[in-house]
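# A structural walkthrough
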Amino acid sequence: MSARLDEEERRLIEKLARQEKKGKGEVMRELIKYGYYYLMLQKYRKGEISLEKLSQELSLTISETLDILEGLGITSPVEYEDYLKGSEFIKKIF
Amino acid sequence: MVVFDTSTLISLAKIELLEDICKEVEIWITPEVEKEATRKKEFFDARFIKRLIQEGKIKIVKIEREKARKLKKEFPLGERECTSLVLAWENKTALATDDGPTIKVAKICGIPFVTALHFLLRAYEKGLLSKEVALWKLRRLEKVGRYNSTIIQRVRSKISEEGEK
């Protein structure tokens, strides 16, 4: 698989490779992976994918995924209305 | 009895409230949830949950996986999350989940749902936790559960405004 990069993308890769003292290919592969993870985290934040799907995409357990989300401070997609609905149910079960 | 999804089970284990809840509520989980929640044996929460299962405080209940697979085809959820929804639906009981998309599907299917935050607040209201401990656990759950600030403020003021239990 090959891909054509524009001038700005090449500049970013070269800059990061210099900063990290890594090869350009290695930096590019890492950026693709991080970009993919970022995209998945955004999808989770918007409520487009579930916690289980996110943990699968990140190849982590649910516990590890919760730790990552906590570290990044990504807000849960649970809404205030959900909290209010849950408040009605909890008294029936506990 | 309440069916627990992995998200709420682990969140309550992380803030060390799960055992208190087990004493008050019959907790059911699917084998798929058990497997995931206890997968990394070196994790505190995994070991904690494992012990509660071994002591019979959390019950493992199977469902037909085909039913979960059918549900998974219709919604953007994982198969494990679907097993919890099916178990709650079949037993006409509530689902404890802290996952937004799972809550949406629970609403569609008419399954009552609660989150870890509801258990914390209720444990305080029932006098199982002192105000100081409840507020400390709320600070911890705020990070683990990453609820939006409106929800957290609401719960914090409920605990702060009520007299000591």
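These figures come from a predicted structure and were not determined experimentally.

Turning our eyes to something else, we now look at the overall build of chain A. Scanning chain A from terminus to terminus reveals 5 helices and 0 strands. The helix and strand sequence of chain A, counted from the amino end, reads α-α-α-α-α. Taken over C-alpha atoms, the radius of gyration comes to 19 Å for chain A, far larger than the 12 Å a tight globule of 94 residues would show. If one aligns the C-alpha atoms of chain A with their principal axes, the spans along those axes are about 60 × 25 × 25 Å. Across the 94 residues of chain A, 34% fall into the buried class. Sequence-distant contacts, at least 24 apart, represent 23% of the contacts inside chain A between residues at least 6 apart. Total accessible area computed for chain A in this model is approximately 6200 Å², and 52% of it derives from carbon and sulfur atoms. Both charge centroids of chain A, one from 17 positive and one from 18 negative side chains, sit 4 Å from each other.

Looking now at the packing of helix α4 (residues 62–72) of chain A against helix α1 (residues 6–14) of chain B. Viewed as axis vectors pointing N to C, α4(A) and α1(B) meet at an angle of 70°, and their least axial separation amounts to 10 Å. One element, α4(A), and the other, α1(B), form an angle in the roughly perpendicular class. The way α4(A) lies across α1(B) gives a crossing that is right-handed. Contacts between α4(A) and α1(B) pair Ile62(A), Ser63(A), Leu66(A) and Asp67(A) from the former with Thr6(B), Ser7(B), Ile10(B), Ser11(B) and Lys14(B) from the latter. Of the residues in the contact of α4(A) with α1(B), the class split is 3 nonpolar, 4 polar and 2 charged.

Of the pockets and cavities examined, the largest pocket occupies roughly 230 Å³. As for the largest pocket, its lining consists of Ser55(A), Gln56(A), Leu60(A), Glu32(B), Lys35(B), Glu36(B), Arg39(B), Arg65(B), Glu79(B) and Arg80(B). Of all elements in the fold, only α3 (51–58) of chain A together with α3 (31–37) and α6 (79–90) of chain B reach the threshold of two or more residues within the lining of the largest pocket. Looking at which element gives the most residues to the lining of the largest pocket, the answer is α3(B), with 3 residues. The residue makeup of the lining of the largest pocket, split by class, is 1 nonpolar, 2 polar and 7 charged.

Moving on, we come to the interface of chain A and chain B. Listed by partner, the interface residues are 36 residues for chain A and 53 residues for chain B. There are 5 salt bridges connecting chain A and chain B. Of the charged contacts, one joins Lys14(B) and Asp67(A) as a salt bridge, the two residues approaching to 2.9 Å between their closest N and O atoms. Remark: the boundary between chain A and chain B carries 18 residue pairs in polar contact (both at pLDDT 80 or more). Looking at the side of chain A that touches chain B, the element that brings in the most residues is helix α5 (residues 80–93) of chain A, giving 11 residues.

Moving on, we get to α4(A). Along α4(A), the positions that sit buried rather than exposed are Ile62(A), Ser63(A), Glu64(A), Thr65(A), Leu66(A) and Leu69(A). Within two residues after α4(A), Gly73(A) carries a phi angle of roughly 65°, on the positive side.

Rules and cut-offs
- Every chain is numbered independently, its residues counted from 1 as its sequence is written.
- Working convention: letters from A go to chains and numbers from 1 go to ligands, in the order in which they are written.
- Restriction of local features to residues with pLDDT of at least 70 applies here, the model being predicted, together with a cutoff of 80 or more for giving and counting side-chain atom pairs; totals for whole chains, interfaces and linings are based on all residues.
- To get the side-chain values, all heavy atoms of the structure are used, and hydrogens and water are removed first.
- Here a strand is any run of E in DSSP of at least two residues, a helix any run of H or I of at least four, and the numbering for each starts at the N terminus.
- Just to be clear, the radius of gyration here is over C-alpha atoms, and the globule rule we use is 2.2 Å times residues to the power 0.38.
- Using a 1.4 Å probe on the protein chains alone, a residue whose accessible area is under 20% of its type maximum counts as buried, one over 50% counts as exposed, and one in between counts as partly exposed.
- Contact definition: two residues touch when any of their heavy atoms are within 4.5 Å.
- Shrake-Rupley sampling with a 1.4 Å probe provides the accessible areas, and residues are treated as covered by the protein chains on show and by no other component.
- Positive charges come from Lys and Arg alone, negative charges from Asp and Glu alone, with His and the N- and C-terminal ends not counted.
- A single reference atom marks each charge: NZ on Lys, CZ on Arg, CG on Asp, CD on Glu.
- Comment: axis = line fitted to C-alpha atoms, over the contacting stretch for helices; angle = value between 0 and 180 degrees taken between N-to-C directions.
- Each angle is binned into one of four classes, with values under 35 degrees roughly parallel, values over 145 roughly antiparallel, values of 65 to 115 roughly perpendicular, and all other values oblique.
- Working rule for handedness: look at the near helix, and if it is turned counterclockwise from the far one by less than a right angle, call the crossing left-handed; if clockwise, right-handed.
- Note that Gly is not counted as nonpolar here; it falls among the polar residues with everything else outside the nonpolar set of Ala, Val, Leu, Ile, Met, Phe, Trp, Tyr, Cys and Pro and the charged set of Asp, Glu, Lys and Arg.
- Points on a 1 Å grid, built from protein atoms alone, make a cavity when a 1.4 Å probe fits but cannot get out and make a pocket when they are open with protein on both sides within 12 Å along at least 5 of 7 lines; residues with an atom within 4 Å of a point are the lining residues.
- Grid points are joined across faces, edges and corners, and a volume is the space filled by probe spheres set on the points.
- The salt bridge criterion pairs a side-chain nitrogen of Lys or Arg with a carboxyl oxygen of Asp or Glu, the two atoms within 4 Å.
- Two N or O atoms count as a polar contact when they lie within 3.5 Å, although within protein this holds only if one can serve as hydrogen donor and the other as acceptor, and sequence-adjacent residues are included solely when both atoms are side-chain atoms.

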